Structures are given as C-alpha cells and as structure tokens.
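Structural overview for review
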Amino acid sequence: MIEVTDQNFEALYPKIEETLKNATFFSIDTEFSGVKTDFFVKESLFDSPNERYEKLKNNIKPFIIIQFGLTAFRHIREQNTYSAETFSFYLLPRSIPSKNRHFVWQISSLEFLSIYNFDFNKFAYDGISYLNEEDEVDLQNNLQQDILMQNLERLLCNRDADDLKNSRNTVADWLIKKTEPFDVLEIISESPFLQYLMQKEFRNQFQDIWTYSGKKKVSVIKVTKEQRKEFELREKGELEEKLLNYYIGFSKVFKLLVDLKKPIVGHNSLVDLMYMHQQFYKPLPKKYSTFKKNIHQLFPTVFDTKYISYELKKVLPKEDKFSSNALSTLYYYFKNEKGRFLSLHSPNIRSQTFFRNDEDKFHDAGWDSYCAGFCFIKLSHVFAANKRGEGSQYKPMTNIEILNGVKSFSNCINIIRGNVPFLNFGGPDPISRRPQWLVVQSQGSKTFCVSEIAELFSSYGSVDVKSFNSRYALVAVSNHRSARDILQHFQTHTEIQIKPYNSFRHSTKVKIFYWSSLIISGCIITMWLQRRF
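Attention here is on the structure that accompanies the text. What you are looking at is a predicted structure, and each value in this text was computed from that prediction instead of being measured. (Residues numbered from 1 in each chain as written. Predicted model: local features only at pLDDT ≥ 70, side-chain atom pairs only at ≥ 80, totals over all residues. Heavy atoms only, no water.)

Looking at helix H11 (residues 238-248)
Buried within H11 are the following residues: Leu 239, Glu 240, Leu 243, Leu 244, Tyr 246, Tyr 247 and Ile 248. Against the buried residues of H11 lie helix H5 (133-144), helix H9 (192-205) and helix H12 (251-260). (Buried < 20%, exposed > 50% of the residue type's maximum accessible area, 1.4 Å probe, protein only. Helix = DSSP H or I, 4+ residues; strand = E, 2+ residues; numbered from the N terminus. Contact = heavy atoms within 4.5 Å.)

Some words on the environment of Lys 42
Assignment of secondary structure puts Lys 42 in the loop between strand S2 (25-32) and helix H2 (49-60). Between the C-alpha atoms of Lys 42 and Arg 417, which are 375 residues apart in sequence, the distance is 9.6 Å. Ignoring sequence-local partners within four residues, the contact set of Lys 42 consists of Lys 36, Asp 47 and Lys 55.

Here we look at the packing of aromatic side chains
Within the structure shown, the criterion is met by 43 aromatic pairs. Plain terms: the ring middles of Phe 68 and Phe 280 are 6.3 Å apart, the flat faces sit at 75° to each other, and that makes the pair edge-to-face. Taken as a pair, Phe 68 in strand S3 (residues 65-76) and Phe 280 in helix H13 (residues 270-281) lie far apart in primary sequence, 212 residues in all. Accessibility expressed as a relative area gives 1% for Phe 68, which makes it buried. For Phe 280, a relative accessible area of 2% puts it in the buried group. Each residue in the set Phe 25, Phe 73, Tyr 82, Phe 303, Tyr 331, Tyr 332, Phe 362, Trp 367, Tyr 370, Phe 374 and Phe 376 is aromatic and connected to the rest through ring pairs, giving one cluster. The ring of Trp 210 carries the charged tip of Arg 203 above its face, separated from the ring centre by 3.7 Å. If you follow Lys 378 out to its NZ or CZ, it ends over the ring of Phe 374, 5.7 Å from the centre. (Phe/Tyr/Trp six-rings, centres within 6.5 Å; stacked < 30°, edge-to-face > 60°. Lys NZ or Arg CZ within 6 Å of the ring centre and 35° of its normal.)

Topic: the packing of helix H15 (residues 305-315) against helix H17 (residues 365-388)
Relative orientation of the contacting elements H15 and H17 amounts to 35°, with a least axis distance of 10 Å. Remark: the crossing between H15 and H17 carries left-handed chirality. Contacts between H15 and H17 involve Thr 305, Ile 308, Ser 309, Glu 311 and Leu 312 from the former and Ala 372, Phe 376, Leu 379, Val 382 and Phe 383 from the latter. Here the residues of the contact of H15 with H17 sort into seven nonpolar, two polar and one charged. (Axes fitted to C-alpha atoms, helices over the stretch in contact; angles between N-to-C directions. Left-handed = near helix turned anticlockwise from the far one by under 90°. Nonpolar A, V, L, I, M, F, W, Y, C, P; charged D, E, K, R; others polar.)

Considerations on the sheet that holds strand S13 (residues 438-442)
Strand order in the open sheet formed by four strands is S14-S15-S13-S16, with antiparallel pairing between adjacent strands. Strands at the two margins of the open sheet, each flanked by one partner only, are strand S14 (463-467) and strand S16 (496-500). Averaged over all pairs of adjacent strands, the angle between their axes in this sheet comes to 25°, without regard to strand direction. When S14 meets strand S15 (residues 472-477), the two strands line up antiparallel, connected through five bridges. (Pairing = 2+ DSSP bridges.)

Structural notes on the pattern of salt bridges
As enumerated under the stated definition, the model contains 19 salt bridges in all. With a closest N to O distance of 3.2 Å, Glu 186 and Lys 217 form a salt bridge. Linking Glu 186 in strand S5 (residues 184-188) with Lys 217 in strand S7 (residues 217-222), this pair joins segments that are 31 residues apart in sequence. In this structure, the salt-bridge partner of Arg 234 is Glu 235, at a minimum N-O distance of 3.9 Å. Classification of Arg 234 as exposed rests on a relative accessible area of 53%. (Salt bridge = Lys/Arg side-chain N within 4 Å of Asp/Glu carboxyl O.)

Let's talk about the pairing of S2
Taking burial as the measure, the eight residues of S2 include eight buried ones, the bulk of the element. A two-sided burial pattern is seen for S2, the buried positions comprising Phe 25, Ser 27, Asp 29 and Glu 31 on one face and Phe 26, Ile 28, Thr 30 and Phe 32 on the other. One ladder, built from eight bridges, connects S2 with S3; its direction is antiparallel. Following the sheet pairing, Glu 31 is matched in S3 by Gln 67. Sheet topology places S2 next to strand S8 (residues 264-266); two bridges connect them, and they run parallel. Paired with Phe 26 across the strands is Ile 264, a residue of S8.

What about the packing of H9 against H11?
The interhelical angle for the contact between H9 and H11, taken along N-to-C directions, is 175°, at an axis separation of 10 Å. In terms of orientation, H9 lies roughly antiparallel with respect to H11. In contact with Pro 192, Phe 193, Tyr 196, Gln 199, Lys 200 and Arg 203 of H9, H11 contributes Leu 239, Glu 240, Leu 243, Tyr 246 and Tyr 247. (Parallel < 35°, antiparallel > 145°, perpendicular 65-115°, else oblique.)

What to know about the sheet that holds S5
The antiparallel open sheet is built from three strands, whose spatial order is S5-S7-S6. The outermost strands of the open sheet, each flanked by one partner alone, are S5 and strand S6 (209-214). Here the strands of the sheet are splayed against their neighbours by 25° on average, with no regard to which way each runs. Each of S5, S6 and S7 touches H9; the most contacted strand, S6, lies at about 175° to it.

Remarks on the side chain of Glu 31
Relative to the helices and strands, Glu 31 resides in strand S2. Excluding anything up to four places from it in sequence, Glu 31 contacts Ile 64, Ile 65, Ile 66, Gln 67, Leu 113, His 363, Asp 364, Ala 365 and Asp 368.

Re a nonpolar patch on the surface
Among the surface-exposed residues, Phe 112, Ile 115 and Tyr 116 lie close enough to one another that they form a single nonpolar patch of about 310 Å² accessible area. Summarising the element assignment, Tyr 116 is placed in the loop between helix H3 (107-115) and helix H4 (120-126). (Patch = residues over 30% accessible without salt bridge, like charges linked within 9 Å, V, L, I, M, F, W, Y side chains within 5 Å. Areas by Shrake-Rupley, 256 points an atom, 1.4 Å probe, with all protein chains shown as cover.)

Here's the deal with the environment of His 75
Take His 75: it is sitting in strand S3. Residue class for His 75 comes out buried when judged on its relative accessible area of 15%. Counting along the chain gives 323 residues from His 75 to Thr 398, while the straight-line C-alpha distance between them is 8.5 Å.

Comments concerning unusual backbone geometry
If a residue is not glycine, its phi is most likely negative; likewise, a peptide bond is most likely trans. Even without being glycine, Asn 117 reaches a positive phi, approximately 60°. Locating Asn 117 in the fold gives a position in the loop between H3 and H4. The exposure class of Asn 117 is exposed, given its relative accessible area of 68%. Notably, His 345 is not glycine yet its phi reads approximately 60°, a positive angle.

The values reported here are purely geometric and, on their own, carry no functional implication.
Next up, the structure:
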C-alpha cells in the first residue's frame, strides 16, 4: 500500500486525485486515539437510534482519527476484474495560531495499536494536518485581516520568538555584505507557521529582498526595486494561500470524496462516519436527525459490509455460513474458504499497491479499507447472482448489475446491540422488532441488584438489564425465543416475578400523566358545573 505522510502528501496528491476520479467506488477505514471516555457507558439493547448517537457523540468528542485508510476500486469489465489502489494516511492536527487544538489518548487504544505494530513515529513526526470547515474559515479570516502578525507576542512561544528574532538579524547581517542579485540565503525552519511569519517579517523589514519557502527552509534573495514590485504583483496573497493549504492538508481528500459523490463502503462504519463528520466537516450536531441528514448530503450512497453480511447469513444454508461477521473472518471466508464458491464468475480483485509484506496487516487502516472493499464486491456479486437467477452462469456481470444486487441495502448502517438492527441514513429508521421488555419484581422483602439479574438470565442469550425503580428492573432481550423461554422458565419462581412490560401499568411518567389528566379534567368539570348551576 502507499503510505502517505506530511513528507510526501503534496507530491502524491495529483496521483491520489486522479485515482479517486477514475474509481468506481471507494472503501474506507479509520484508526482512532480512543473511542470511549466513560468506561461504564456501554451499548445496550435498550438504545434507540437517538440514544445511541447521543452516547457515541459524548464519548468520541475528545478523540481523533490518527490513520485513515482509503482504497479506490475501478471495475475493468472486459477482464471481470476490480483494480484496487490503497492509500494509508497518517493524520495529526497541527497547532493553529488562533486555536488551542488538543486531543486525548485512551490507554487501551494505544496498547491495542501497539500490538498491531502501529507506527507512532510516522503519526507524531509526519502526520498530515487537517481542518474542519469552522477552523478553516477562522484561519482564513485571521490571515486575510493580518491578525496573526498583530498578535505575535501572544501567539509565539519563547523558542519561536527567539528563532524569528535571530533569523531577522541573520538577514540584516547578510544584506550588509556585498551580495549580488539573486544570491540565496537559506534559513532552516521546520514549522510552516514560523516560515510564514519569517517571510512576512523579512518582506516588511527589508525592501530589497524577496523570499520563498520549501521543505524545512526559507530562502532569501536580493532583488531590485522593479523586481520587488513585479514579485509583489505576481504573488499577492500567495503566502496566506500556501499556509492555509498546508493546514487544510488531508481535508482536501475528504472534500474530493464529497464532490465525487461515488459510493462509499465501510465495515461497521457508524463511528467512522461520526469521526469524519467531526474532524473534516463540522462538530457533531446535537440531534441525531441532523447528523443523519448531513452524512446523506455528503455521501448519498454508503454501504456497510457488516450489515450486508448479516443479510447474506440469513439466506445461506447452514453448511455455507461464515463463523462471524468480523472483517478478517469475512475476508478469509471469501478469499480462501466456502465464500469462493457461492456464485459463478465472481470478479477477480487485483491490488496495484500491495506487496507480500503488506498482506494480513489487520488494524492498519489501509489494509482494512482494502478488505472492506474486497468483501463488498464478493457480497454484492452473490446477491446479484441470486437476483439474476439461472442466467448468472453464462457471463460475467457489469458493475451496475453487481451494485444493484445490494441496492436495497444502501445507507443501511449496522448498529451494535441496539433496539433496531440498523440505521437508515437514506430514510426513516426501521421499527424495532425486538421482543417487548420484561419487568422483574422481587417477591417479598428480598432485594436484588442489576448484575444478579443479568447473570441469572445470561444463559438465555443476549440480555440487558437496567434498574427501573426501587421495586422493579427492566430486561431487554435480543430475540423472541429467548424472551419466551425466560417467561416460561421463571413462571413459578419463588423469589422473582417476571411479566411483559406495560407502559400504562409500569411507567411512572405515564402514571403521572394519567393522574394529572384526571385531576385537571375533574377541575375543569367542577368549574363548569359551578358556572352552570
């Protein structure tokens, strides 16, 4: 795969742009600095889409994407092949003069990435900058109004202030010497922001010089007055534009993906999409409905291979089913196991950027993005072949036919352990088909805790328990069979009583509303009777 860092991003960007423009679809994956600020907040079968979004939003806010994997797949019809090119971007938020940017490391995430040999040096030393739209507008306004030059003392640390002062003295000493026009003085500086300040300062202080910058240095040349005017006219605003482009960095790639409006593929991609919204677009909105609308406007067609794999598992014979929906399991299932034989003429997938030592690097964002796209093609072809029926054995399919096989699953995003099976970013979310909640009540004076009930029901499948009030606990069960078994088994239990939840009987809010309505109605009737008689 092609690893992209701050060192080679600008040089590689034309190739990245051309590759994405020629692609049929993209697949993505991300690695984060963390995913959970509160250890005790967990996914629950009680969670509605709104509640799950709220949980995730509050948890991921301080964390960032540190590696972004992007694979561009291009369909070659005459060869029945998809060609794949993979890029793995290391990302690091660079300090903005007008904003104190920061992020949080979750220790468990750091340990997890270390196990899979994540290159922290590339992240720390060569991570690519990025800005969301709000930060970009703020920085652009500051540059246009020259606010940065007016607040140097507040913006610069002592070391940078000393470097700026020393470099200015160096230029002054250099000019005293007998220098010829277009002699070059090079001043080393690794910070693009400091390079910008040096050039602004030098041009303001010395009228007979001009400056330009490259990687890690600022170059100063001596020029005549006429040449200086020519440079000023020709390169007006260039310094500001160059600094802004540096800070935008990887966000150029994100904007290109948005502009192209091609299908985006991910595996269990809800959190990836939330991070992308937060990091490259805008802070996450308060409402889930607004987030859903924003993502659909940015990426009108999104496929989640985790959700599609669940749908495939429903129709496969027992002997052909895969053992789990984990990305690595799915990849090997379609590459080496029974998945190879599910449909005839399944497309070949040929990587243009992988070498032998790149393979099986799971939890590298680039490799995982490739695997997600690989599984998507295989999953889509199986559905398309089943849709076509008997004719599927005669000739390979077009890309349109293959994608039409999973068209009904577009914008269906998998949700882990919620009260709905998926989120629909292209329309209304599905109605919950989970069993009705169960209410557990302790018999007599004996008390119990939530963990005891959870352990008691653990043998019946996935269940979640939460305290309801001092007398009751609520139980959410993943499937109807488990709920039926629990009700039957504990029907004659001596210590607890279990019944289906009834909002009228058990909900405190409903009871309050009911009695309040009765009281208000009674008052109104009484007042009417008084006036009438």
